[in-house]
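Chain and residue survey
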Amino acid sequence: MKKFIALAVILIGAASCQESQKIAFVDSEKVYEEYQEKIDLEAVIIKKQEDFKKKTDSLGMAYQIEAAPMQAKFSRLSQQQQQNNPEIVAFSQKWQMVESQMKAQEQSMQEQLDKDLKELNTHVEEFIASHAKKNNYSFVFGKNNSGGLVYGNEASDITETVITELNKAYNSEGDSKTTSSETSTKTD
C-alpha cells in the first residue's frame, strides 16, 4: 500500500510540474533474463557447481572404497574398542578434515556467487540511471512481480533499448574484462 501511495504522490507531483517530464519504465525481469553478462555469469556458476558435485561425488566414492575394508576388519570390535583404535581414529580424523574443507569451499563459492550477483545488480541499476540521465527521463520505474508498476503504456517502455544498450556496453568491454567468478575459476 505504501508503494502505491508513494507512486501516486510521485505521479501527482510529476503531473503538477510546469515543465513536461519524461517518464518511462523498465521490465526488470526481462532485462535480467536477456542481459548477456548475467547469462555468462550463470554459465560460470553452473560449471562451478557441476565441477564441485563431481569432486564431492568422487570423494564420496573414495571414502566408501577406503571404509569398506576397515569396516570388515574392525566390525567384530566393540564400540569402545573401535573408538580407541588408532587406525579408526586416524581414518575418522582424515575424513572429517576433508569434509570440513569441502564445506569451506562450498561456503566460499556461495559468498562469491552473492558478491557477483550484487555487483551485477549494481551494474544494471547504475546503467539504467545513466541511461535515464542521458535521455532526460525524470523517472524510470521498474516493472516486476512485486507490484512496483501495475501498468505502463508501451510507448514508455524502454526495456528493449536498455537491454540492447546494456548488452552492447557489456560486449564492448569484451574479453578484456573478466568477472571475479571467471577469475576465481581460472585460479581454482
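Treat the numbers as computed from the prediction; the structure is a model and nothing was measured.

For the rest of this paragraph, the subject is the overall build of the protein chain. Along its length, the protein chain carries 7 helices and 2 strands. Secondary structure elements of the protein chain, listed N to C terminal, follow the sequence α-β-α-α-α-α-β-α-α. When the 188 residues of the protein chain are sorted by exposure, 24% land in the buried category. For the protein chain, long-range pairs separated by at least 24 residues make up 84% of all intrachain contacts whose partners lie at least 6 apart in sequence.

With that settled, consider the packing of helix H3 (residues 36-74) against helix H6 (residues 159-173). One can describe the packing of H3 onto H6 by two numbers: an axis separation of 8 Å at closest approach and a directional angle of 60°. With respect to their mutual orientation, H3 and H6 come out oblique. When H3 is examined against H6, the residues Gln 36, Glu 37 and Asp 40 are found in contact with a partner set consisting of Asn 167, Tyr 170 and Asn 171.

This next bit is on the packing of aromatic side chains. Inspection of the entire model under this criterion finds 5 aromatic pairs. For the pair Tyr 35 and Tyr 170, a centre-to-centre distance of 6.0 Å together with 70° between the ring planes defines the contact as edge-to-face. Taken together, the residues span a long stretch of sequence, with Tyr 35 in the loop between helix H2 (28-34) and H3 and Tyr 170 in helix H6 at a distance of 135 residues. When its relative accessible area of 0% is taken as the criterion, Tyr 35 is described as buried. Of note, Lys 22 hangs over the ring of Tyr 137, and the distance from its end group to the ring centre comes to 4.5 Å.

All right, on to H3 then. Along its 39 residues, H3 runs 56 Å from first to last C-alpha, staying within 8% of the 57 Å computed at 1.5 Å per residue. For H3, the principal kink sits at Ala 67 and spans about 30°; a proline, Pro 69, occurs within the next four residues.

This next bit is on unusual backbone geometry. We note that Asn 136 has phi near 60°; this positive angle belongs to a residue other than glycine. Structurally, Asn 136 can be placed in the loop between helix H5 (86-134) and strand E2 (137-143).

Of the residues in the protein chain, 78% have a pLDDT of 70 or more, and the chain-wide mean is 82. Note on residues 179-188: pLDDT is under 50 here. Beyond four places in sequence and across chains, it has 19 contacts.

Once that is clear, we can look at the pattern of salt bridges. Tallied over the full model, the rule gives 8 salt bridges. With a shortest N-O distance of 2.9 Å, Lys 38 and Glu 42 are connected by a salt bridge. Within this pair, Lys 38 and its partner Glu 42 are both found in helix H3, separated by 4 residues, close to a single helical turn. Of the charged contacts, one joins Lys 47 and Asp 51 as a salt bridge, the two residues approaching to 2.9 Å between their closest N and O atoms. Residue Lys 47 and its partner Asp 51 are located together in helix H3, separated by 4 residues, close to a single helical turn.

The next point concerns the nonpolar core. Core analysis: the biggest nonpolar cluster contains 16 residues, and Val 26, Val 31, Tyr 35, Val 124, Val 162 and Leu 166 have the highest contact counts within it. For this core, the secondary structure elements donating two or more residues are strand E1 (22-27), H3, H5 and H6. Excluding residues within four positions of it along the chain, Val 26 makes contact with Val 31, Ile 128, Val 140, Phe 141, Gly 142, Lys 143, Ile 158, Thr 159 and Val 162. By size, the runner-up hydrophobic cluster in this structure holds 9 residues, among which are Phe 52, Met 70, Ile 88 and Val 98.

Criteria and cut-off values
- Residues numbered from 1 in each chain as written.
- Predicted model: local features only at pLDDT ≥ 70, side-chain atom pairs only at ≥ 80, totals over all residues.
- Heavy atoms only, no water.
- Helix = DSSP H or I, 4+ residues; strand = E, 2+ residues; numbered from the N terminus.
- Buried < 20%, exposed > 50% of the residue type's maximum accessible area, 1.4 Å probe, protein only.
- Contact = heavy atoms within 4.5 Å.
- Axes fitted to C-alpha atoms, helices over the stretch in contact; angles between N-to-C directions.
- Parallel < 35°, antiparallel > 145°, perpendicular 65-115°, else oblique.
- Phe/Tyr/Trp six-rings, centres within 6.5 Å; stacked < 30°, edge-to-face > 60°.
- Lys NZ or Arg CZ within 6 Å of the ring centre and 35° of its normal.
- Expected span 1.5 Å × (residues − 1).
- Bend = angle between axes of the 7 residues up to and from the residue.
- pLDDT = per-residue confidence, 0-100.
- Salt bridge = Lys/Arg side-chain N within 4 Å of Asp/Glu carboxyl O.
- Core = buried A, V, L, I, M, F, W, Y, C linked by side-chain atoms within 4.5 Å.

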